[in-house]
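Residues per chain are reported as follows:
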Amino acid sequence: MPFEPRPDKPPRREAFKRVIMATRVYPLEPSSTATYLGKIAGAFAADSEAVVVSATKGSASPSAANPFVIELSSVPFLGR
């Protein structure tokens, strides 16, 4: 039996409790990808706790920030 939405009830939008993003680029990196990822993390942070694991130097945030950014000082990449 396939799922069919009930016409008498609008779909609910439920926020995630915690979102974790891992990325090589994040704001302070001057690329459009970093800018977009920063905006996406900010949008998630509006409704939930957001944590970003970033390899961009200088991207770490203060402990009370949301999204909270953890900066990895070195990330080994295989095949390079």
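Refer to the structure presented above.
What counts, and at which threshold
Residues numbered from 1 in each chain as written. Predicted model: local features only at pLDDT ≥ 70, side-chain atom pairs only at ≥ 80, totals over all residues. Heavy atoms only, no water. Helix = DSSP H or I, 4+ residues; strand = E, 2+ residues; numbered from the N terminus. Contact = heavy atoms within 4.5 Å. Areas by Shrake-Rupley, 256 points an atom, 1.4 Å probe, with all protein chains shown as cover. Patch = residues over 30% accessible without salt bridge, like charges linked within 9 Å, V, L, I, M, F, W, Y side chains within 5 Å. Salt bridge = Lys/Arg side-chain N within 4 Å of Asp/Glu carboxyl O. Expected span 1.5 Å × (residues − 1). Buried < 20%, exposed > 50% of the residue type's maximum accessible area, 1.4 Å probe, protein only. Arc of directions from axis to C-beta. Pairing = 2+ DSSP bridges. Right-handed = clockwise from strand over helix to strand, strands pointing away.

*Asks:* I'd like a description of the overall build of the chain, backed by residues and values.
*Replies:* Within the chain one finds one helix and three strands. From first element to last, N terminus to C terminus, the chain shows the α and β order β-α-β-β. Here the analysis covers contacts within the chain between residues at least 6 apart in sequence; of these, 47% occur between residues at least 24 apart. Accessible surface computed for the chain: about 6,500 Å², of which carbon and sulfur atoms make up 60%.

*Asks:* A description of a nonpolar patch on the surface should follow, citing residues and the corresponding values.
*Replies:* On the surface, a cluster of nonpolar side chains totalling about 440 Å² of accessible area is made up of Phe 16, Tyr 36, Ile 40 and Phe 44. Checked against the element boundaries, Phe 16 lands in the segment before strand 1 (18-23).

*Asks:* Go over helix 1 (residues 32-47) with me, naming the residues and quoting the values.
*Replies:* In this model helix 1 runs 24 Å from its N-terminal to its C-terminal C-alpha over 16 residues, within 8% of the 22 Å that 1.5 Å per residue would give. All buried positions along helix 1 are accounted for by Ala 34, Leu 37, Gly 38, Ala 41 and Ala 45. For helix 1, the buried positions fall inside an angular range of 105 degrees around the axis, keeping them on one side. In helix 1, those exposed residues whose orientation departs by more than 90 degrees from the buried face are Tyr 36, Lys 39 and Ala 46. As for helix 1, its buried residues are in contact with strand 1 and strand 2 (49-54).

*Asks:* Would you mind going over unusual backbone geometry in detail, with residue names and values included?
*Replies:* Look at the link from Asn 66 to Pro 67: it is a cis peptide, with omega at 10 degrees. Considering the arrangement of structural elements, one finds Pro 67 in the loop between strand 2 and strand 3 (68-71). Residue Leu 28 is not a glycine yet carries a positive backbone phi of 100 degrees. Note that Leu 28 resides in the loop between strand 1 and helix 1.

*Asks:* Go over the pairing of strand 1 with me, naming the residues and quoting the values.
*Replies:* Only one face of strand 1 is covered, namely the one carrying Val 19, Met 21 and Thr 23; the face carrying Arg 18, Ile 20 and Ala 22 has none of its residues buried. By the bridge criterion, six bridges tie strand 1 to strand 2 in an arrangement that is parallel. Note on strand 2: the bridge partner recorded for Arg 18 is Glu 49. Once you follow strand 1 into helix 1 and on to strand 2, the crossover reads as right-handed.

*Asks:* Tell me what's going on with the environment of Val 25, and back it up with residues and numbers.
*Replies:* Secondary-structure assignment places Val 25 in the loop between strand 1 and helix 1. Put simply, Val 25 and Gly 38 are 13 residues apart on the chain and 9.2 Å apart in space, counted from C-alpha to C-alpha.

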